[in-house]
Amino acid sequence: MILVRRFENADWLAVWPLLQATFDAGDTYAYSPQSTEAEIHEAWVELPSATYVAVDLQGHLLGTYFIKPNQPGLGAHVCNCGYVVSPAAQGRGVASAMCTHSQAEAVSLGFLAMQFNLVVSTNERAVRLWQHLGFAVVGTLAQAFRHQRLGLVDALVMFKTLVDVD
Ligand SMILES: CC(C)(COP(=O)(O)OP(=O)(O)OC[C@H]1O[C@@H](n2cnc3c(N)ncnc32)[C@H](O)[C@@H]1OP(=O)(O)O)[C@@H](O)C(=O)NCCC(=O)NCCS
């Protein structure tokens, strides 16, 4: 059972080590592997419009995501999200549940579309999953990501319209 709910301050104790380990690996997000706790808290909790966690029935953390405007002002109707699933919980539909949840949340927050700016091309599970959930690859950024093991690799821009406005 996967429950997705708003992040509460007490969640940070479990969210922070998950984000730290994810960013430290340097293979999926551009955040510096040397990011401090304060920097990651700002990026994941303070700057976004909203942050969420996925938990099991016992309340154990399975994953987390944020939602924020992708651009200021005239681009602010397109949102951007970041998702991380605990390694122990991967392959069980947690990211699928969070992404589906985020699309509904985005609409209720007034966003009309969702954009992922830097999906690392070698992150095949993520690319395939986002495509299954209706996101199109709208562009490839040549060597835009400095992968910690593979060196410079391509990154994808992915986009999904959430609300059709005529
Ligand atoms: C990429 C990431 C978010 C995927 O999370 P996940 O929870 O493993 O993803 P899911 O389980 O929802 O989906 C993975 C696959 O399992 C399948 N699946 C979904 N529900 C399932 C279930 N109940 N049981 C088994 N498999 C399931 C999905 O259909 C998907 O299949 P696909 O690979 O053919 O698309 C996760 O690996 C992660 O956090 N990686 C590190 C950070 C990262 O890369 N974030 C994304 C940046 S763009």
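Each remark here, short or long, concerns the structure printed above.
Not measured: the values here are computed from a predicted model. (Residues numbered from 1 in each chain as written. Predicted model: local features only at pLDDT ≥ 70, side-chain atom pairs only at ≥ 80, totals over all residues.)

Q: Before we go on, may I ask you to explain the sheet that holds strand β7 (residues 151–161) in this structure?
A: Picture the strands of a sheet paired through backbone hydrogen bonds; they go either parallel or antiparallel. Spatial strand order, β1-β2-β3-β4-β5-β7-β6: seven strands in an open sheet with mixed pairing. One side of each edge strand has no neighbouring strand; the edge strands of this open sheet are β1 (3–6) and β6 (136–147). Taking the axes of each pair of neighbouring strands and ignoring which way they run, one obtains an average angle of 25° across the sheet. Pairing of strand β4 (residues 78–85) with strand β5 (residues 113–120) involves two bridges; the strand directions are parallel. Considered in β5, the bridge of C79 is made with M114. (Pairing = 2+ DSSP bridges. Helix = DSSP H or I, 4+ residues; strand = E, 2+ residues; numbered from the N terminus. Axes fitted to C-alpha atoms, helices over the stretch in contact; angles between N-to-C directions.)

Q: Explain the site of the ligand here, please?
A: For the ligand, the set of nearby residues contains 20 residues, the closest of which are T28, Q90, G93, A95 and S96. Taken together, the elements giving at least two residues each to the shell around the ligand come down to β4, α3 (94–108), β5 and α4 (124–132). Ranked by the residues each element gives to the shell around the ligand, the list is headed by α4, at five residues. Of the residues assigned to the shell around the ligand, the class counts are nine nonpolar, eight polar and three charged. (Near = placed C-beta within 6 Å. Nonpolar A, V, L, I, M, F, W, Y, C, P; charged D, E, K, R; others polar.)

Q: Would you mind going over the nonpolar core with me for this structure?
A: Proteins that are soluble and globular tend to have nonpolar side chains buried together. Counting residues in hydrophobic clusters, the biggest one holds 25 residues, and the most contacted among them are A54, C81, Y83 and M98. Taken together, the elements giving at least two residues each to this core come down to α1 (12–25), β2 (50–55), β3 (61–69), β4 and α3. Not counting residues up to four positions away in its chain, the partners in contact with C81 are Y65, F66, I67, S102 and M114. F116, V119, V120 and F135 belong to the second-largest nonpolar core, a separate cluster that totals nine residues. (Core = buried A, V, L, I, M, F, W, Y, C linked by C-beta atoms within 7 Å. Buried ≥ 20, exposed ≤ 12 C-beta atoms within 10 Å, placed from the backbone. Contact = placed C-beta atoms within 7 Å.)

Q: Can you help me understand unusual backbone geometry in this one?
A: Phi is mostly negative for residues that are not glycine, and the peptide bonds are mostly trans. Look at Q143: it is not a glycine, yet its phi comes out positive at around 50°. Relative to the assigned elements, Q143 resides in strand β6. For Q143, a count of 12 C-beta atoms within 10 Å puts it in the exposed group.

Q: Is there a simple way to think about the environment of T51 in this case?
A: Looking at the element boundaries, T51 is found in strand β2. Separated by 14 residues in sequence, T51 and Y65 have C-alpha atoms that sit 5.8 Å apart. The residues contacting T51, other than those within four sequence positions of it, are F7, W44, V45, T64 and F66.

Q: Would you take a moment to explain the packing of α1 against helix α2 (residues 37–46) for this structure?
A: When two helices pack together, their arrangement is given by the angle between the helix axes and by the axis-to-axis distance. Between α1 and α2, the shortest axis-to-axis distance is 11 Å and the interhelical angle comes to 100°. In this view, α1 runs roughly perpendicular relative to α2, as classed from their interaxial angle. Mapping the contact onto sequence places W12, W16, L19, Q20 and F23 in α1 and E37, I40, H41 and W44 in α2. By residue class, the composition of the contact of α1 with α2 is six nonpolar, two polar and one charged. (Parallel < 35°, antiparallel > 145°, perpendicular 65-115°, else oblique.)

Q: Looking at this structure, I do not really get α3. What am I missing?
A: An α-helix turns once per 3.6 residues; consequently, residues spaced three or four apart project the same way. Taking 1.5 Å per residue as the helical rise, α3 with its 15 residues ought to reach 21 Å, and the 21 Å between its terminal C-alpha atoms agrees with that figure. Considered for burial, the residues of α3 that qualify are V94, A95, M98, C99, S102, E105 and A106. Taken around the axis of α3, the buried residues stretch over an arc of 125°, which confines them to a single face. For α3, exposure combined with an orientation more than 90 degrees from the buried face picks out A104 and S108. Considering only its buried residues, α3 is in contact with β1, β2, β3, β4, β5 and α4. Downstream of α3 by one or two residues, G110 has phi in the positive range, about 100°. (Expected span 1.5 Å × (residues − 1). Arc of directions from axis to C-beta.)

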